[in-house]
Structure formats: C-alpha cells, structure tokens
Amino acid sequence: MIQTFVALLIVALLVPAPAAAEPVTAAIALALGGGTAAVAAAGFIVRLGVSFIFSALASALAGKPAAQRPSGIKTDVTTTGGVNAESFILGRYATAGNLAAPPYSHPNDGSVPNQYLTYVIDIADKPGVTFNRMILNGEYITDWQASDGDHDQEGVIENSVPHVFLTWHDGTQVAADAYMMANYDSYPDRPWTADMVGAGITYAVVTFRYNRELFNSLPGVRFEVDGVPLYDPRADTTVGGSGAQRWDDPETWTQTTNPAVMIYNILRGIALSGGRSWGGKVAAEDLPLDNWFAAMNECDVVVSLKSGGSQKQYRAGLEVAVDAQPSEVIDDLLNACSAEMTEFGGVYKIRVGPPALPTYVFSDDDIILDRPEVLRPYPGLEGVFNAVHADFPSPAALWESRDAPPRYDTAAEAEDGRQLVADVSLPAVYDQRQVQRLTKAWLADSRRFRQHSLALPPEAVTLEPLDTVSWTSVRHSYSAKLFEVGELSDDPRTLIQSLSIRERDGGDFAWVPASDEFDVFDPATAPVRPADRYLTDFTALGDTIEAPSGALRPVLRLSWDETLLHETESIGFEIERASDLSDVASGVIDNPLRGKKTVRGLMPNTQYRVRARILGRKPGLWTGWVTATTPNTLLQAMDIAEEGILSYHIDVPDFASLWVDQGHEDDRYARSGPFTYADAPASYESERVIEVSGAAGAFGIVFGPKFDIDPAGETFHFDYEGDLDGGSGVMFLQIQASTKGRKNFASGTYFSSAGGVTITSTARTRVNGTVTIPAGYRSARVQLVKGSDGTATVARFGRLAVYRQNAEKKIRNGNLPGVKIVNLDITGDKIADNAVSLGGLAKATAGRKVGVDTSFAAKIVTEIDVGYLSEDYFWTVSGFAEIRGDTSVGATTYFGLQETIYDPGSSSSAIGTVDSDASDAWKKVEVTQQFHRGGSDYGYAFGLHFDCDRTVAQLTQNNVRRVALVLRANPAK
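Throughout, residues of each chain are indexed from 1 in the direction in which the sequence is written. Restriction of local features to residues with pLDDT of at least 70 applies here, the model being predicted, together with a cutoff of 80 or more for giving and counting side-chain atom pairs; totals for whole chains, interfaces and linings are based on all residues. With hydrogens and water stripped out, all remaining heavy atoms of the structure feed into the side-chain values.

1. A short note on the nonpolar core
In this description, a nonpolar core means a group of buried Ala, Val, Leu, Ile, Met, Phe, Trp, Tyr and Cys residues linked to one another through side-chain atoms lying within 4.5 Å. The rule is simple: take the accessible area with a 1.4 Å probe, protein chains only, and divide by the maximum for that residue type; under 20% is buried, over 50% is exposed, in between is partly exposed. Among the nonpolar cores identified, the biggest contains 81 residues, and F208 and F223 are the most heavily contacted of them. Take this core: its biggest share by element is seven residues, from helix α5 (residues 259-268). We count a stretch as a helix when DSSP gives it H or I for four or more residues in a row; a strand needs E for two or more, and each element gets its number in order from the N terminus.

2. Quick word on the sheet that holds strand β32 (residues 583-589)
Strands pair in a sheet through their backbones, by hydrogen bonds, and they do so in one of two ways: parallel or antiparallel. Note on pairing: DSSP must find at least two bridges between two strands before they are called paired. Pairing in this open sheet of four strands is antiparallel, and the strands run β32-β31-β34-β35 from one edge to the other. The strands lining the two open edges of the sheet, one partner per strand, are β32 and β35 (626-629). In this sheet, neighbouring strand axes are inclined to one another by 25 degrees on average, regardless of whether the strands run parallel or antiparallel. Geometry is summarised by axes, namely lines fitted to C-alpha atoms with helices restricted to the contacting stretch, and by angles between N-to-C directions that run from 0 to 180 degrees.

3. Observations regarding helix α6 (residues 289-299)
Among all positions in α6, only N291, W292, F293, A295, M296 and C299 are buried. We call two residues contacting when some pair of their heavy atoms lies within 4.5 Å. For α6, the secondary structure elements touched by its buried residues are α5, β15 (310-312), β17 (339-344) and β18 (347-352).

4. As for the pattern of salt bridges
A carboxyl oxygen of Asp or Glu within 4 Å of a side-chain nitrogen of Lys or Arg is what we treat as a salt bridge. A complete count under the given rule lists 37 salt bridges for this structure. A salt bridge links R611 to E574; the nearest nitrogen and oxygen atoms lie 3.0 Å apart. Pair noted here: R611 is in strand β34 (residues 607-615) and E574 is in strand β31 (residues 570-577), with a separation of 37 residues, a long-range link. Since its relative accessible area comes to 26%, E574 is described here as partly exposed. Members of the salt-bridge network, linked through shared partners, are R351, D445, E484, R502 and R504.

5. Some thoughts on the packing of α5 against α6
Running from amino to carboxyl end, α5 crosses α6 at an angle of 140 degrees, the nearest separation of the two axes being 7 Å. Touching P259, A260, V261, I263, Y264 and L267 of α5 are L289, W292, A295, M296 and C299, all from α6. Grouping the constituent residues of the contact of α5 with α6 by class yields 11 nonpolar, no polar and no charged. Three classes are used, and their members are as follows: Ala, Val, Leu, Ile, Met, Phe, Trp, Tyr, Cys and Pro are nonpolar, Asp, Glu, Lys and Arg are charged, and the others, Gly among them, are polar.

6. A few points about the side chain of D723
Within the secondary structure, D723 sits in strand β39 (residues 714-725). Polar contacts, as counted here, are pairs of nitrogen or oxygen atoms within 3.5 Å of one another; within protein the pair requires one atom able to donate a hydrogen and one able to accept it, and residues that are adjacent in sequence qualify only if both atoms are side-chain atoms. Of the polar contacts made by the side chain of D723, one reaches the side chain of R796; its length is 2.7 Å. In this structure, D723 is in contact with Y684, M731, I759, S761, T762, A763, R764, V794, A795 and R796, ignoring residues within four places of it in sequence.

7. What to know about the environment of Y803
Of note, Y803 is situated in strand β45 (residues 794-804). Sequence separation between Y803 and D719 is 84 residues; the distance between their C-alpha atoms is 8.9 Å.

8. As for the sheet that holds strand β6 (residues 139-140)
Spatially, five strands are ordered β6-β5-β11-β1-β16 in an open sheet, and the strand pairing comes out antiparallel. Either end of the sheet is taken by a strand with one partner, and the two such strands are β6 and β16 (317-321). Bridge count between strand β1 (residues 87-95) and β16: five bridges; the pairing is antiparallel. Following the sheet pairing, L90 is matched in β16 by L318.

9. Let's talk about helix α9 (residues 432-446)
To estimate how far a helix should extend, the number of its residues minus one is multiplied by 1.5 Å. For α9, with 15 residues, the first-to-last C-alpha span of 21 Å sits near the 21 Å given by 1.5 Å per residue. Counted residue by residue, α9 has 14 buried out of 15 residues, so it is predominantly covered. The N-terminus of α9 is capped by D431, whose side-chain oxygen sits 2.8 Å from the backbone nitrogen of R433.

10. What to know about the packing of α5 against helix α7 (residues 326-336)
Where α5 contacts α7, the axes come no closer than 9 Å and their chain directions differ by 165 degrees. Classified by the interaxial angle, the pair formed by α5 and α7 is roughly antiparallel. Note on packing geometry: the crossing formed by α5 with α7 is left-handed. Between α5 and α7, the residues in contact are P259, M262, I263, I266 and L267 and P326, V329, I330, L333 and L334, respectively. For the contact of α5 with α7, the class distribution of residues is 10 nonpolar, no polar and no charged. The scheme is simple: roughly parallel for angles under 35 degrees, roughly antiparallel for over 145, roughly perpendicular for 65 to 115, oblique for anything else. Note on convention: the crossing is left-handed when the near helix lies turned anticlockwise from the far helix by less than a right angle, right-handed when the turn is clockwise.

11. A few points about the layout of surface pockets
Using protein atoms alone on a 1 Å grid, points that fit a 1.4 Å probe yet trap it form a cavity, whereas open point sets bounded by protein on both sides within 12 Å along at least five of seven lines form a pocket; residues with an atom within 4 Å of a point count as lining. Grid points are joined across faces, edges and corners, and a volume is the space filled by probe spheres set on the points. Computed from the structure, the second largest pocket encloses a volume of approximately 1,200 Å³. Along the walls of the second largest pocket sit 32 residues, with E158, E213, L214, R529 and K618 positioned nearest its centre. Going through the elements one at a time, β6 and β8 (153-158) are the ones with two or more residues in the lining of the second largest pocket. Looking at the lining of the second largest pocket, the element that brings in the most residues is β8, giving three residues.

Below, the structure is given as structure tokens:
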C-alpha cells in the first residue's frame, strides 16, 4: 500500500499538473488574454468519456463557417481619420494603409495650379516594414527608377516624364520628410513641420503629377510589403540555434514568412510603442525549442513546383490590428501551415503538417479492459467532406480574394452519395500552389474517420496531445496503424492514461507536382484599354486651286477613311519640307467626317511630307510620313497687283532709275514748282531735259514720285548732267524721307549727297554721288532744286537717274504681301512671254543666244516689242550686261541699244551710247537712252545688240552674260 502510494507520488511529481489538452484550448485563450476557460481543468481528471477530435479540415472550419474571416487583405482601401486601430504587418502582405493627413497639393498658383498631389500614408505602426511593390488604380507599377529629387523613386513614365514619386520611411528615420518640408512647410491649413518625423512608424510619401489621361479621380494605392522583423530562435546560438539573433536585441531580428515563427513571437508577445505588448506573455521555457524548431523547419521544407523552381512549403502574411484577438490571428496562421497547437500543463507545443513519428507503440493486450473503450468509425454528416473550395488573397489579383482550384474526391463522393463541399478561407496564405497543397492534404486527412477512446497503462504517462502512437490490433485489423493523440487525461490514483485518438497517415501530405498541382491562369489585372487608334488610308496629293484673281495656287489635298471616326473627334496634322525636315505647318481639322482637307500657303514645285493622327480623349498614333510634291505653279501676271511688290523689296540693277522708271511725267504723281520738259541743248547727251524755273534769287523746286524704302536704311546713287541758264547760282539734287508710307507721306527730312554735290556753272556739267537714308524711314521722293543764290532763273537736269545701290541682282526675302515672290532668284527662264500693259514689261523674249545679224554685224539679245503707236510717247530704255573682250586675238566687244522701226520697210539703227571692253575680264556695262517716238502708224521694237572688231561669227556667249532690258513709256505732254 505504501509502495503504491510512493509510486503514485513519484508519477505525480513527474507529470504536469492535471489538465485537459486539446488543439487551441481554452488555456491558450487565457494565456493570450483572449477569454476565459470554458471548463475547469479539474473537470478532466474524472472525465473518461469520448472526446470529439477534429481533423485539420474540420479545425479550419471549426464551427464558424458564417463568421469565418474573409480571405482578402484587411485594409483594401486607404483609410482616413484618427480613430483607426494601430496595425502592423507579419510576413508578406498588402495594405492600402491609413492617410496620416488629408491629401496635399501644390503649387497653388501659376499656369498649372495644383500640378502635384501628395499622400502621406501610414503603413505600419512598427518599424522595419519594407516596400516591395505598389498598386496604382488597379495596376502594379513596373517602371520604377531612382529619382533625382526629394523622392527615392519615380515611375509611371509617359513620354519620358514620371508621374508618380515615392519615398519610403521604414520607421528608423530621425528627420521629417524632405519633400514635405520643401513644399508644405508653409501650407495654409496643415503645414508640415520639422517635428513630424514619425519615429517608429513605417510610412510612405507618394506624389502624383497631374495628367488627365492617367488620373481622372483621386488615385487609389495599395502597397505590397514585407513585414516587421521577428525573432527566430533557430538563428540564436545562445538557445541552441545558430546565428546572431537575440531575443533582447530586436536590431538583430530579420523579416520572415514562416508562420510557426510568427506564432512563436505572438505567444511571447510583440512589443508596441510606449512599452505596450500585443499577444501573450508565455515564458521561453514554456515553448520547448525542440518542438518549435521542428515546426519551423517543416514550414521551410523546400517543395518543387510544376513549372520548375521551388518554394518553401508553408509561408504566411497578415495585417494585424492591435485590437484583434491574438487567438484569432494564431488560428489563421495555424491554417496556413496545416498545424495544430496545444497547451498541456502550461507548456505550448505545435505540430505542422503530417503526423510525427510514433512515440508510443501498443497492442490490444496493453489496453486496460476494465475501462470504457469506444470506437467511432464515422463522424456525423456535418463532419464529412469530399470536396474543398478555398479562397485566399492573391497577389496576381492585386491581393483581392480569389478562389484556388477546387479539390474533389470523386470516389469519396460516390461513397457518400452526394457532393459535400467544405468552403475554407485562408487569409494568411498568398500563394495558390500552397493552397492546393493544403486542400489536397486536408481532403485526404478528413477521410480518416476512425476515432477511439481508450485507457492505457501508466507507462503511457509520457504521452502528450499531438503525439503519434502506433497500434497493432487483431480485433480492428490494424497493423502498426498511426493515431494522433487529441485529448488526454490521467487518473492520479492509478496513473491510467485515458486518451482520445484519431487515425492519421503521413501519406496524405505527399505531394507530386506533376500530377497534384493544377495549372492556374491568372487573368490580367490591368484595365483593358482600347487599342491606340490609327487614321487609316491617309494620303496626300499635290494639286492647284484657283484664287479669286484667277491665278493658280499650289496646295496639298489630304484624305483619309472617315467611316470609323466620330463627329466629336478631330484630326491633327503636321507638314515638313522633305529636303531639310523643317516645320512648315501644323493644325487641327475639326470636321473629320468630311474625309478630306486642303492645305494652302505652300511653295510650288516642293516636296513635302505629311502625317496625321486622331485627336479624341486620348490622342491616337501618328500615321507614317507620306510625301507629296506641289505642282510647279509659278508667278503669273494677275499675281502682281498695283503696289503689290514694294520697290525696296527688290534688289534691282543699277540702271533702274527711281526718277524715270517711276514715271515722273505721269500726271498721277504730285509735283510743285514751275518746270517743263524741253529739248536738250546740242551739248547734252540726252534728248530731253527737265527745266526747273524760278525767279532770280528764289528757289525753284520739283518733287519726283514717292517710292518705298527699306526701314533698315538704304543708300541711293544719282547721276545727271546740268547747267544754269540766265546767270549765276547753284543747282542740286536731294532726297526727302518720311517715316510713313507712300500713301500717307508726310513732310519729312531732307538728305543730301555726301560732300554736297552741286552745279554752279552755266556750262553742261556731269555729276554723280550717293545719298544715304538711315533706318527708321519708310518712303521717300527725289527733289530737284534751283537754289535761291545768284541771278539764274532756270536749272536744267538731263540724263537724270536715281537708283538703289545694291550688291546683288535678285529678289530678296522681303515682306511680300500675299503669296507673291519669296526667296526666289529671277533668271531668264522664270518670267517669259508675259504680256503687261504699257508702262510695264511688254512681250519680253529673254535668253536668245548671240548669233549673226548680217544687216548690222550684231545680234539683238533681248527684245521688247511695243507694237504700233498712234500717240506720242516719251521713252526711256535701259540696258545692262556683263561683257568681255578677247586679248588672245586683240578683239574688243561692243554693247549698245538697238531700235527697230517696222512696217513699212523695217529698218534698224543703234541708239544711245555704245560701251565697250577690250580686256578678257568681265566688265559690267550699262546704257540708258531717253527719246520721243509715236504719233504714227509705225511699229517699234527695242533691244540690246553686241558686236566686236573681229568677225561677228566669232562673237559667242563667252563674251556676254547677265543681260537685262527695261523700257518705260509715258504719254507725251
């Protein structure tokens, strides 16, 4: 009797205090502060009846299908306000976070106000959470790059311009965000101050650049992150692991996705700010590390994937609010690794995945026969399943809840006579292949129905819940069949162990990727945007249109297929010159349904290239460049209206006199002072002279016609011969310039020649000089003056010519009104056979080659035919050329004017002065002649002739170049 008592006492000392143990017991809830125990521990000492033992699948369902936690992420929309519970992240997970303040924007003025929008988002109320990916408006941002500004990264790059900027603060920061301080330190409502550091808080500063196409509302964001660092005892050398981690030094901890490590940390307690703690307060010695190391290692077992590669067997992640029950979070983590946990005598143990190796072996002979033995071969229908559906937060679906491939057991379904589906949510699992492994194992494990309640002798006292036993039974046909201990109690008087066991098989957790893993198609999460539109059948064709004057203008005719366009859209186009790709024109076509557009204002005989695109809410793609050449539509007579080309816009040859060629004898031009046109005295080279009259000692003044001058300033050359009649005196030429145009000519400033060129003689004198008009004047006129000095009453001006002194003989890039002559050289082949009325050009046949004229040993090179004249006309004909002789044979080239009178009896004669050149260098020569013709039925023609002192057959174009002829006629007065 005493021996028995001593034996019982020894056992009592060796065995933990009497308690009932079951997966996730009430004792765990007490340890975590999650509630009160439902049954007093003492109640299990005398309870020897059958206890209901759950399979892993039943534990996942655990009597709460209606209240089961949804599988999607906890914070799926960025929250606002100051009443949200603190939170932190375990493992890999996603969160939209909590706005730390209402959105900011800047700048608040300028051409684009509020161009930048900024969020400050609280990610976790603990340090150490790191950024992995960001979701913006339903898409992962994939083009992050380092930012040069106050942000760390920038992305969503369109046309080389970033539109999203991110700075990540992991809770270790010691200063306020630089971007917020730079842009919002003086914000009117909520200035960001230097003390807004957020120490110990993981937060993000996200800035968006305004772009209507990208953001048509406030952007929605979500962050995929890796959670807070946790303590892994396997990496702590001081507790039997290997590594530098230490429980009392969080700086040594690392991030993890191991669910067993997470549960271990929750049981010991997770530190919060202010010295608080969330979770349990379980001592390290109550978490036997041999058990927990095995569980953690089972989670980290590497499994192969069907697609190649591998991954750890069980991973997890969660966003944890500090107002959540720790036991609920542990439940989610246990499901993530198919684990069970028990508390027995204040000690917490865990089993992950398949059953452990047996720690106790028995047979029918070892069972205590005088104690009840109960077999439960089948559970109730509510505990039978032949199919599993599971949902989980899927990163491929932006961390929204998605269904994993369902798992069916068709043989079991036939056996059960119906489909019995278990619906499971796995909020802590983020990989569909892991979900597949769990559901396959659970479905197979749930078909292990057999449960026993029996009593074993005292040597089974070492058994604990979740231990595996091996039973060989003749009665039940078991051969070393494995069972897992679910509930256990002992009798302190006899030490008989009463336990409930459920059949298990490690093969249920076997995984063959090639046959067990289902292929999963993850649909794209990005919005399906319409394809970029493209303008079809776009063409360009060079053509002409008729102007109101009847002249033709070069144009490009654009056309396209309008059938797929909408009336609210438009078309943009660009035109470049093909030769140098310079911009020519661009515009918008507001009525695209016409299918065509005519583009005007182009140069003739020019190749252009054109492209176009649709302009809608989002511009379409540009078409390829298409080329077209405009027709060679040159200048026509109707293109030049009166005063259409201002004289100072044309660099003219030296012989073009601003006095004579402007038609001074025409009554349209104003003049003052008495003057007459008279026959020149015999000593004069000209045929007519202008006589300016005035009383002795008084001025006599004549004004010539007004003409335009270059506002940038011009120099004019004058040449005339003259004399004073009737006594002594002075005569001279000057130019009066006005700051207004010809039509609004106002009394202006007088400019004389350099050195003051005058004539004071009564004998014919030839003078010439220059007059320079400075910048700022727009029009001018020539003034002939008889001075007020002396006794002379008449001043005669003969062979008068006033012309612009220009270096080049071409039309300059002037400001020509309308589409006139721009930037073109006029040569002999540009204007031909244009019929212009008298007072202008008349039937000019240009570019004849020099040849033989048997009548006069010369050839008319350029001829102007004025036809029959029935009225008297005064004529001025001017010729210009460059000639040279030939020293090799001693020949001299002559140049002069030729007049032909025809019908009846055509005859020709040389008129005016003949110029010559004997050297073989080019010489510029000119001749001008004034004379009176008309009043008869004779026809007249005038031209340039050349001859030389050798045989005319030797005269070639090598002796003559740059030929021009100008003829002006005014009715005789």
